[in-house]
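# Structural features, examined
Single-letter residue listing:
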Amino acid sequence: MLALRQDLTLLPVEPDRDGHPAWVLHDPAQHRFFRFGTAEIGLLDAMARPEAPDAKAFLKANAARAEAFLGYLRQMNLLQGAGDAERQRLLQSRKQQSPGWLTWASRSYLSLRLPLLRPDAFLDATAGYMRWWFDPRMKYVMLALGLLGLALMLPRLDLFFATIAENFTPAGFLLYGIALVLVKIVHEFGHAYTAKHHGCRVPVMGVAFIVFWPILYTDTTDAWRLPSRAARVEIDVAGMKVEIAMAVLALLAWSLLPEGPLAAVCFMISTTSLLLTFAVNLNPLMRFDGYYLLSDWLGIENLQERATALARWRLREILFRLGDAPPEKPSNLLVVYALSAWAYRLLLTLSIAAFIYSFFFKLLGALLFAWQLWLYALKPMLKEVTLLAPLLPRLVRSGRAWFSLGIFAMGLLLLALPTDRSLSLPSYLRARDVVVIYAPMAGRVAALGAANGSQVAEGVPLLEIAVEDLALEIEQTERNAAMLRWQLEMQSLAPPWMRRGGVIEADLQATMTRLQSLQQQAGRTRIVAPFDGMVRDMLPDLGPGQWIGEGEAVFTLTSPQAWEVIAFVTESDAERLMPGADGRFVAGDGSRAALPVRVTAVDATALREFDQPYLLSLHGGPLQARSRPNGGAEPLRAYYRVRMTVLNPGAEAVTPAAHVLTGHVVLDVEPRSPVALGVTHMLAALRREASF
């Protein structure tokens, strides 16, 4: 005869949604509650007296359900131990449920609870002072105060948002921290006093560390004793109701108080309460108020465990169609919830590990990333395979299992086939010969030999600058040189000049050297085209008579005869590129047809700094980069420069709208399978981060 443990208590609760009676089984040892309907109570009654004729008939008619229910009771350790085998099973179950220290540590950094207080006696003694809070008229009072606070705040809406921005300072964060602690303490006492109002015990209050962040909690599990679902929901939302009330009162106080410390504290409380209520507490995927609210609203105790069990059964049926009885009445909502909670938890833990890796201790971040991937993805898969091993004979006879295996094999085959035959790289097209013409010195434009966008031939004058001071200095130097020559010629007629002949000759040599230098400078004021090309990026309104400064970029001359493409490849893909590989350049703006290109060179070392701003993430491009304090930009990952030449550029390449055109290059490379690419990327990441 099978019987429940003697310390369990069966309590009647409100009927199910379909009107059938329901009961809750309280396990004080595990402090858990299990909700049963008429079918489960009937099975319990029949199992307790299996020799009775009606019980035998009932168990025979419901053999599959009885077997599944019995397994559930054993899994939850709700049956009395009978014999050495049963005691051994209980010990083994307890051992499996007790995680090792490594598993405990990896999970505890995500969520760890530390009980601090046993407040039940204190709540009993002070509950009378809180009766006013449960007066039905309080909600109308709070509604009126909230509307008044909004009416007073709306004319000061600009100040409200400006105050938020002003508080992003160390002092502001400190005030937010103080407000957060105050709000959370009152929040938890809201749960506690509401539970006590409905006659429940509150055994523990403490602090929970969610990703190293302390959050207070209150154990109100005893609320499952209540027969009224509305009462349980009231306990669940009590903390949020208190926070909203605090936000209402604090907002009203901020609207009425003059600027000062007290008004600042009220502002912090109002914004912190609203933020916590809507951004944190309502999240049903973690065990916050939103989780218990959803659990009570659905009338499903142990929501996460039951949803997980149902999702596991549903996946088994989809993949293998074994025909096993579900652990409870199937519900798509529970399956979706279980999958969402699993994905959210995995994403959260991996994000935390990535954050630690990026900003703190790289080795710890890498270990956490790998461990969480194992704990929440690979280990459950391995455990499921282990559980399916005894079912192998049934799996062999299942057509759906063979179909799922075929789909899985096809997926592996597709991953192993070398289907990736091309490589797309961010790149830009530019003229190979590009000269930026700078003003050699400050002056006035005397002549302009080309217009913006015009074609010029080699040797054609492009720009002539008139420098008045330079012309005057040349004229004066020429006169000085002529005077010194005359003195040398006439020194035989003038004894003083004869005595100074050596000095005059030295002065003449220095003057001629100066004159030659000035003439060279004058020659620089006349700029000619160094090659056949097109004038681009000319200064606006440039023309004769306009003054330009020394070193000012006047225009750019590009050669239409030769074009090249500069691309950037990551470390994991660099080894796939070899000189001679062909591809095509596709303009980012779609302004012209693809241009055929050929790889001419791949840099042997990764870039340390970008020499051009094109394609950088700082300007919305695909290359990850960050600014340097002293100017320039450095890559955030290893990039290698790839140089390519344009084959048969044609008219479209000769006349781009600018001398640089961004886009991407698609290159034909040696085909590789997705598996090989994944391994290559992983090894590249390990090599890149081997210095942590």
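In what follows, the structure referred to is the one given above.
A few points on the structure. What you see is a predicted model, and the numbers here were worked out from it, not measured in a lab.

### With respect to the overall build of the chain
Across its full length, the chain carries 23 helices and 22 strands. The buried share of the chain, reckoned over its 692 residues, is 40%. Expressed as a percentage of contacts within the chain between residues at least 6 apart in sequence, the contacts between residues at least 24 apart total 70%. Approximately 38700 Å² of the chain is accessible, and the part contributed by carbon and sulfur atoms is 64%.

### What about the environment of Gly299?
Counting through the fold element by element, Gly299 comes out in the loop between α12 (289-298) and α13 (303-320). Relative accessible area serves as the criterion here: at 9%, Gly299 is assigned to the buried category. Residues Gly299 and Trp224, spaced 75 residues apart in sequence, show a C-alpha to C-alpha distance of 9.8 Å. With sequence-adjacent residues up to four places away left out, Gly299 is seen in contact with Arg35, Trp224 and Arg229.

### Considering the nonpolar core
Taken as a class, soluble globular proteins show a tendency for nonpolar side chains to be buried jointly. By size, the foremost hydrophobic cluster in this structure holds 30 residues, and its most contacted members are Trp133 and Trp254. Mapped by element, the contributors of at least two residues to this core are α7 (138-153), α9 (170-197), α10 (229-256) and α11 (261-281). Here the element with the most residues in this core is α10; it accounts for 8 residues. Those residues in contact with Trp133 that sit more than four places away from it in its chain are Met138, Met142, Lys241, Val242 and Ala245. Formed by 25 residues, the second largest nonpolar core is a distinct cluster that contains Trp563, Leu595, Val646 and Val665.

### Here we look at the environment of Val13
Among the secondary structure elements, Val13 is positioned in strand β1 (residues 9-13). The class for Val13 is buried, based on a relative accessible area of 9%. Residues Val13 and Pro227, spaced 214 residues apart in sequence, show a C-alpha to C-alpha distance of 3.8 Å. Apart from residues lying up to four places away in sequence, Val13 is in contact with Ala22, Trp23, Val24, Arg35, Trp224, Leu226 and Pro227.

### Focus: the sheet that holds strand β14 (residues 547-548)
Strand pairing in a sheet is mediated by backbone hydrogen bonds. Such pairs are either parallel or antiparallel. Read from one edge to the other, the open sheet built from 4 strands follows the order β12-β11-β9-β14, with strand pairing classed as antiparallel. Each having just a single partner strand, β12 (526-528) and β14 make up the two edges of the open sheet. Note that strand β9 (residues 443-448) and strand β11 (residues 461-466) share 4 bridges and pair antiparallel. Opposite Val445, over in β11, you have Ile465 as the bridge partner.

### A word on a nonpolar patch on the surface
A surface patch of nonpolar side chains, about 860 Å² in accessible area, is lined by Leu392, Val396, Trp402, Leu405, Phe408, Leu412, Leu415, Val675 and Val679. For the nonpolar patch, the secondary-structure elements that each account for two or more residues are α16 (392-396), α17 (399-416) and α23 (674-688). The leading source of residues in the nonpolar patch is α17, at 5 residues. Structurally, Phe408 can be placed in helix α17.

### Observations concerning the packing of α7 against α10
One way to put it is that α7 packs onto α10 with a least axis distance of 8 Å and a crossing angle of 40°. The angle between α7 and α10 places the two elements in the oblique class. Handedness of the α7/α10 crossing: left-handed. Every residue of α10 that contacts α7 at Met142, Leu145, Gly146, Leu148, Gly149, Leu150, Leu152 and Met153 is listed here: Ala245, Val248, Leu249, Leu251, Leu252, Trp254, Ser255 and Leu256. Class assignment of the residues belonging to the contact of α7 with α10 gives a composition of 13 nonpolar, 3 polar and no charged.

### Comments concerning the side chain of Thr477
Topologically, Thr477 is positioned in helix α18 (residues 468-489). Not counting residues up to four positions away in its chain, the partners in contact with Thr477 are Thr511, Arg514, Leu515 and Leu518.

### What about the side chain of His187?
Tracing the sequence through the fold places His187 in helix α9. In terms of polar contacts, His187 uses its side chain to reach the side chain of His191, at 3.1 Å. Not counting residues within four places of it along the chain, the set of residues in contact with His187 comprises Gly239, Met240, Val242, Glu243, Asn281 and Asp289.

### Side note on the pairing of strand β7 (residues 420-431)
Sheet topology note: the β7/strand β22 (residues 660-672) ladder contains 10 bridges and is antiparallel. The partner of Ser427 across the bridge, within β22, is Gly663. Direction of pairing for β7 relative to strand β16 (residues 563-570): antiparallel, over a ladder of 5 bridges. Following the sheet pairing, Ser427 is matched in β16 by Ala567.

### Some details on the packing of aromatic side chains
One pair of aromatic rings is described through two measures. These are the centre distance and the angle between the planes. Evaluation of the coordinates by the stated rule reveals 8 aromatic pairs. A ring pair is formed by Trp132 and Trp133, whose centres lie 6.0 Å apart and whose planes are at 80°; its orientation type is edge-to-face. Exposure remark for Trp132: the relative accessible area of 47% places this residue in the partly exposed category. Note on Phe568 and Phe610: the rings are 5.9 Å apart at their centroids and 75° apart in plane angle, and the pair reads as edge-to-face. Placement of the pair is Phe568 in strand β16 and Phe610 in the loop between β18 (595-602) and β19 (625-627), with a sequence separation of 42 residues. The class of Phe568 is buried, set by a relative accessible area of 5%. Taken together, the aromatic side chains of Tyr428, Phe568, Phe610, Tyr614 and Tyr639 make up a single cluster linked through ring pairs.

Criteria and thresholds
- Residues numbered from 1 in each chain as written.
- Predicted model: local features only at pLDDT ≥ 70, side-chain atom pairs only at ≥ 80, totals over all residues.
- Heavy atoms only, no water.
- Helix = DSSP H or I, 4+ residues; strand = E, 2+ residues; numbered from the N terminus.
- Buried < 20%, exposed > 50% of the residue type's maximum accessible area, 1.4 Å probe, protein only.
- Contact = heavy atoms within 4.5 Å.
- Areas by Shrake-Rupley, 256 points an atom, 1.4 Å probe, with all protein chains shown as cover.
- Core = buried A, V, L, I, M, F, W, Y, C linked by side-chain atoms within 4.5 Å.
- Pairing = 2+ DSSP bridges.
- Patch = residues over 30% accessible without salt bridge, like charges linked within 9 Å, V, L, I, M, F, W, Y side chains within 5 Å.
- Salt bridge = Lys/Arg side-chain N within 4 Å of Asp/Glu carboxyl O.
- Axes fitted to C-alpha atoms, helices over the stretch in contact; angles between N-to-C directions.
- Parallel < 35°, antiparallel > 145°, perpendicular 65-115°, else oblique.
- Left-handed = near helix turned anticlockwise from the far one by under 90°.
- Nonpolar A, V, L, I, M, F, W, Y, C, P; charged D, E, K, R; others polar.
- Polar contact = N/O pair within 3.5 Å; in protein donor to acceptor, adjacent residues only side chain to side chain.
- Phe/Tyr/Trp six-rings, centres within 6.5 Å; stacked < 30°, edge-to-face > 60°.

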